Amino acid sequence: MAKSVHNTQASSAAAVQQSAQKVSKAAATQAFLVKRLLNSYTANTPQSIKLIDAYLLFVMLTGIIQFVYVVLAGTYPYNSFLAGFGASVGSFVLAANLRMQINPQNKAELNISPERAFADFAFSSIVLFGFVVNFLG
Amino acid sequence: MPSPTRLAAVLLLAILSLVFSASASSPSALSFRDVKAQLDGRESAALITEKELSSKTWQASALDKLIVNAVVQGSGDNPIVARHVILGVRSQEEKVETSFLCKASQGGRKVTCVVDFKDAPTLETLNPGRNTLTLYAATLDATATYVLGDLDFAFKPVAKPESEFDVFSVLPEIAHTFRPDEKPAKKLLSLVFTIGVLVPWGVLLASYVALSANVKNLFANSLTATFGSLFTAALAAVMGLYYVYWLRLNLFQLLGYGTIIGCITAALGRQALVAHAGIAAPVRTKKDM
């Protein structure tokens, strides 16, 4: 009787140890993958794309902060929130499109010059901010 | 092809005209002066003399004629021509206001409002009892209101002939319950998030510094420097136009000025991009041939 109890306790301890080892392996694998992604991004991404990614991050942070403010403080004034958040979302979409169009890896599918892509981005941004200013109130 | 100097001059003129017209479109104040009311009539074969505005209440019978003269002036205390000047006669009992259009004279500087109580159609629109007289004036930019005072109408109500169009009557005044005003956010919270929204700008600038962002291509040659700078200035002019539109302009002015500045921006942008594309293109020399 005492021997069977001892065997049960030993097997459960071994199972716990095995699961802990699995978790630490998964975490190490994830860390390795993230590190590999960052290294690959830093090494293989053109500088122009990185600059656009920094702008995308900036716009996203601005939108998130505005959204958190509305959640905490309420929607007053609502039109101003719509204008600001719409500017963030619209700018993000336009910059993402610009990134896709000037990415050298997409050159086969999107036969468009970087200058044309930037001209489209500039014109669209001007129109977007025209609507945004209209909503400001 | 226009020179950069001419393009810069055109851009500057466009910005100056925008600023001047925005300042010229500022609204002006409107007011009345030299307001005089006169009650002419024949009662027991005697004329009622002119009464000044020192006392605010006087009586009128069905034989009188009310004449109100006034001068409408603008912000510079100079008489101006108002688009509409109306004398309102509001019954304090029936809560109904009858409007009489005033005529302009002396080139539109002086307005005269006449209410002839002997005129049967006029009498039908008025109610006996105490009525308040008010002058209204309006221009495209401003409005003005002047309360002359109270007038007691001492005549019996005129029985209006029945008409098939008499299907409307004065309904009780609508008591609208407005929804409660939305409370603005607390000042501290607003201040914190105002500063918080500026933090991503620091992140952006730090990222650009870390990525060694530079403007070397802008000054690669004279063409890129000229057109690139002008294009940047044109974009700044567009943002300036949006700011002025936010403060003063209306949509039609924005579209008008925006078309001018937009065309200039498009032309400069095209030249800047052509110059930029010329940087990357290889230059073939005789040696290559």
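Note that this is a predicted model, so its numbers are computed, not measured.

Parameters and conventions
Residues numbered from 1 in each chain as written. Chains lettered and ligands numbered in written order. Predicted model: local features only at pLDDT ≥ 70, side-chain atom pairs only at ≥ 80, totals over all residues. Heavy atoms only, no water. Phe/Tyr/Trp six-rings, centres within 6.5 Å; stacked < 30°, edge-to-face > 60°. Helix = DSSP H or I, 4+ residues; strand = E, 2+ residues; numbered from the N terminus. Buried < 20%, exposed > 50% of the residue type's maximum accessible area, 1.4 Å probe, protein only. UniProt positions renumbered as here; feature names shortened; annotations may be inferred. Axes fitted to C-alpha atoms, helices over the stretch in contact; angles between N-to-C directions. Parallel < 35°, antiparallel > 145°, perpendicular 65-115°, else oblique. Left-handed = near helix turned anticlockwise from the far one by under 90°. Nonpolar A, V, L, I, M, F, W, Y, C, P; charged D, E, K, R; others polar. 1 Å grid on protein atoms, 1.4 Å probe; cavity = no way out; pocket = protein on both sides within 12 Å on 5 of 7 lines; lining within 4 Å. Points joined across faces, edges and corners; volume = space filled by probe spheres on them. Salt bridge = Lys/Arg side-chain N within 4 Å of Asp/Glu carboxyl O.

**Points about the packing of aromatic side chains**
Residues and elements named next belong to chain A.
- Taken as a whole and judged by the stated rule, the model has 10 aromatic pairs over all chains.
- Relative to Phe 58, the ring of Tyr 55 lies with its centre 6.0 Å away and its plane at 40°, an arrangement referred to as tilted. Taken together, the residues span about one helical turn, with Tyr 55 and Phe 58 both in helix 2 (residues 47-73) at a distance of 3 residues.
- Given the relative accessible area of 8%, Phe 58 is considered buried.
- Clustering of aromatic rings is evident, with ring pairs tying together Phe 67, Tyr 78, Phe 81 and Phe 85.

**Observations regarding the UniProt feature "transmembrane region" (unreviewed entry) in chain A**
Residue and element names in this part refer to chain A.
- In this numbering, the UniProt entry assigns the feature "transmembrane region" (unreviewed entry) to residues 54-72, 78-96 and 117-136.
- With 100% helix and 0% strand, residues 54-72 has its two end C-alpha atoms placed 27 Å apart.
- Secondary structure over residues 117-136 splits into 100% helix and 0% strand, and the C-alpha atoms at its two ends are 28 Å apart.

**Some points on the packing of helix 2 of chain A against helix 3 (residues 78-102) of chain A**
Residue and element names in this part refer to chain A.
- Running from N to C, helix 2 and helix 3 point in directions that differ by 160°, and their axes come no closer than 9 Å. Comparing their axes, helix 3 and helix 2 come out roughly antiparallel. For the pair helix 2 and helix 3, the sense of crossing is left-handed.
- Grouping the constituent residues of the contact of helix 2 with helix 3 by class yields 15 nonpolar, 7 polar and 2 charged.

**Overview of the layout of surface pockets**
- In this structure, the largest pocket spans a volume of roughly 2,100 Å³.
- A:Leu51, A:Leu98, A:Phe118, A:Phe121 and B:Tyr208 are, among the 37 residues lining the largest pocket, the residues nearest its centre.
- In terms of residues, the lining of the largest pocket owes the most to one element, helix 4 (residues 114-136) of chain A, which gives 8 residues.
- Classifying every residue of the lining of the largest pocket by side-chain character gives 26 nonpolar, 10 polar and 1 charged.
- Counted as a void, the second largest pocket has a volume near 1,000 Å³.
- Secondary-structure elements contributing two or more residues to the lining of the second largest pocket are helix 2, helix 3 and helix 4 of chain A together with helix 3 (187-210) and helix 4 (222-247) of chain B.
- For the lining of the second largest pocket, the per-class residue count stands at 24 nonpolar, 10 polar and no charged.

**Digging into the pattern of salt bridges**
- Counted under the stated rule, the structure contains 4 salt bridges over all chains.
- A salt bridge links A:Asp120 to A:Arg116, with the nearest nitrogen and oxygen atoms 3.2 Å apart. Of this pair, A:Asp120 and A:Arg116 both sit in helix 4, separated by 4 residues, roughly a single helical turn.
- The salt bridge partner of B:Asp152 is B:Arg130, with a shortest N-O separation of 3.1 Å. Residue B:Asp152 is located in strand 11 (residues 143-153), and its partner B:Arg130 is located in strand 10 (residues 129-138); the two are separated by 22 residues in the primary sequence.
- B:Asp152 gets classed as buried once you look at its relative accessible area, which sits at 16%.
- A relative accessible area of 34% means that B:Arg130 is categorised as partly exposed.

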